[in-house]
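In case you want the letters, here they are:
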Amino acid sequence: MKVVTRFAPSPTGFLHIGGVRTALFNWLFAQKNGGIYKLRVEDTDLKRSTQESIKKIYSGLEWLGLKGNDEPILQSRNIPRHIEVVKKLLSEGKAYKCYCTQEELVKMRSSSRAAGRTRLYDRRWRDKEPDTEIEENITPSIRIKMPIEGKTMISDLIQGDVTVTNDNLDDFVILRPDGTPTYMLAVVVDDHDMDITHVIRGDDHLNNAFRQYHLFDACGWDIPYFAHMPLIHGNDGAKLSKRHGALGIDFYQDLGILPQAMQNYLLRLGWSHGDDEIISMEQAVSWFDLESVGRAPSRFDMEKLNNLNAYYIKENTDEFLVDLIIPRIECLLSKTLNNCMKKRLLLGMPSLKQRAKNINILAESALFYCQELPLGFNDKAAKFVNKGTIKNVKSLGKLLKKLDIWEVSELETSTKEFAISNEIKLGEIAQPLRVALTGSSVSPGIFDIMHALGRDETLSRINDFGNQ
RNA sequence: GUCCCCUUCGUCUAGUGGCCUAGGACAACGGCCUCUCACGCCGUAAACACGGGUUCGAGUCCCGUAGGGGACGCCA
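The model shown is predicted, which means the values in this text are computed figures rather than measured ones.

About the criteria used
- Residues numbered from 1 in each chain as written.
- Chains lettered and ligands numbered in written order.
- Predicted model: local features only at pLDDT ≥ 70, side-chain atom pairs only at ≥ 80, totals over all residues.
- Heavy atoms only, no water.
- Pairing = 2+ DSSP bridges.
- Helix = DSSP H or I, 4+ residues; strand = E, 2+ residues; numbered from the N terminus.
- Axes fitted to C-alpha atoms, helices over the stretch in contact; angles between N-to-C directions.
- Salt bridge = Lys/Arg side-chain N within 4 Å of Asp/Glu carboxyl O.
- Core = buried A, V, L, I, M, F, W, Y, C linked by side-chain atoms within 4.5 Å.
- Buried < 20%, exposed > 50% of the residue type's maximum accessible area, 1.4 Å probe, protein only.
- Contact = heavy atoms within 4.5 Å.

### What to know about the sheet that holds strand 5 (residues 141-144)
Stage number 1. As summarised here, the arrangement of the three strands in space is 4-5-8, forming an open sheet in which the pairing is antiparallel. Each end of this open sheet is capped by a strand with a single partner; those strands are strand 4 (95-98) and strand 8 (173-175). The mean angle between the axes of side-by-side strands here comes to 45°, regardless of whether they run parallel or antiparallel.
Stage number 2. Of the strand pairs in this sheet, strand 5 and strand 8 are connected by two bridges, and their pairing is antiparallel. Bridge pairing in strand 8 places Ile-142 opposite Leu-175.

Following this line, the structure appears as structure tokens:
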């Protein structure tokens, strides 16, 4: 059997973390089994689906390499086919017309609920034809006949065997009075037509699986394997909502989270391979399995994502990171960077990247390499500016000016010798120098900075120290 | 309310009846390193929801209770 999985988001909002993880697991499962992963946009809710949403889904998935190889399928294109299936079901007596009004349904639901039933529709039109003129003038919806007796069991690949008594299953609507198919019908038809073998999705769909099971059956089609993965919750344990973390995936992209970090984080959220934490996509493909997906919901933890991101920042090449921060710096400084500045960034990157947990912070911490004199400084830095420190920094400058070789070790040796001969601690010259060089009291090591900045710029900055 | 699912450190998790005086990771705390901040390294604290069984033996199996989540649309 050729494995075929799919990710089927609805374009009615943003693509959030939970959706991305579902996509990731589908992709991984397909890769692992030498199968195919498909993307289907469920845009049948014409009122709520937006073009912008579709675009965001595409760009978010693309960012993480989860867009799939085939052209995405738009569910709305298949509506004629959905209707055809409904007609067939109707002609075979497996579905029927329901002439209920909205008011009737509302009443029915509240009374059923009051009576403590899960099934809310009373099947009143299951074996009935309209017999009054008023009823005949109502355009009916089409409902599917669910079995009345017995039980249904689904052998879910994550949840295990789950059984429900059929009396709890509603005869749900498959075609609206306006002739549009409902989600429940469209999913089943499309999953069949797309040859989907494994339906991997959030467990908010677990209940739907029973309904879909019988719809597949009524159509005479094979039932795919189901795998329902637990949902991701917010930091407070409640459902992921806009209030806490259910932001669009583009938010994390803008923040400067690396795709590798996001993939690794999401992979480990709900899935594990022993004690392994750092897992490349390549390894994930060979290790991934549905058996190791946990059954309990998990909470989204920004701290852990940050930690992973910091790790992958350190892993990436300096060139790659410089390319990422250039546009951000240009935006912050409202100017175009020249080659000299870009060169400083590249030289400074090894020490810069040890300190950043996301690309935005990395860009901010690199700002001083691209600023021109005079450098302003903040309150904390200002504490290191006084007559004594200015004098010290300037005399160090004179000493450094004589250096033939402008390398980290030479700079360090000279500076340390300067401290010794002036009978001060290294820190007493290092901090003021840092301020002179960066305008800040916090930065990478000063020798790395002087090296990256280059002789001329270093000496200019020292020379300018105290002139502000 | 009804149906379904879940329950190991604060968080993500390892654990498939004896290897568990419960392991790892993030976060927290302490230390080392040190020119600041980080990184790195070392260490500390921190959990089997509760109650019954089954068994020579239970985090692991069964039942119940409590708590949490999801679903109950002519939304997807």
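### A closer look at the pattern of salt bridges
Two side chains bearing opposite charge may form a pair once their charged atoms approach each other closely.
Stage number 1. A full pass over the atoms with the stated rule returns 23 salt bridges.
Stage number 2. Between Asp-190 and Arg-40 there is a salt bridge whose closest N-O contact spans 4.0 Å. Of this pair, Asp-190 sits in helix 6 (residues 183-193) while Arg-40 sits in strand 2 (residues 36-41), and the two are 150 residues apart along the sequence.
Stage number 3. Here Arg-48 makes a salt bridge to Asp-45, at a shortest N to O gap of 3.0 Å.

### With respect to the nonpolar core
Note that soluble globular proteins tend to have their nonpolar side chains buried in a common cluster.
Stage number 1. Among the nonpolar cores identified, the biggest contains 94 residues, and Met-262, Leu-267 and Leu-345 are the most heavily contacted of them.
Stage number 2. Top contributing element to this core by residue count: helix 1 (residues 17-32), with nine residues.
Stage number 3. Not counting the four nearest positions on each side in its chain, Leu-345 is found in contact with Val-322, Ile-325, Ile-326, Ile-329, Leu-337, Ala-366, Tyr-369 and Cys-370.
Stage number 4. The next biggest cluster of nonpolar side chains, apart from the first, holds 30 residues, and it includes Val-4, Phe-172, Met-184 and Cys-219.

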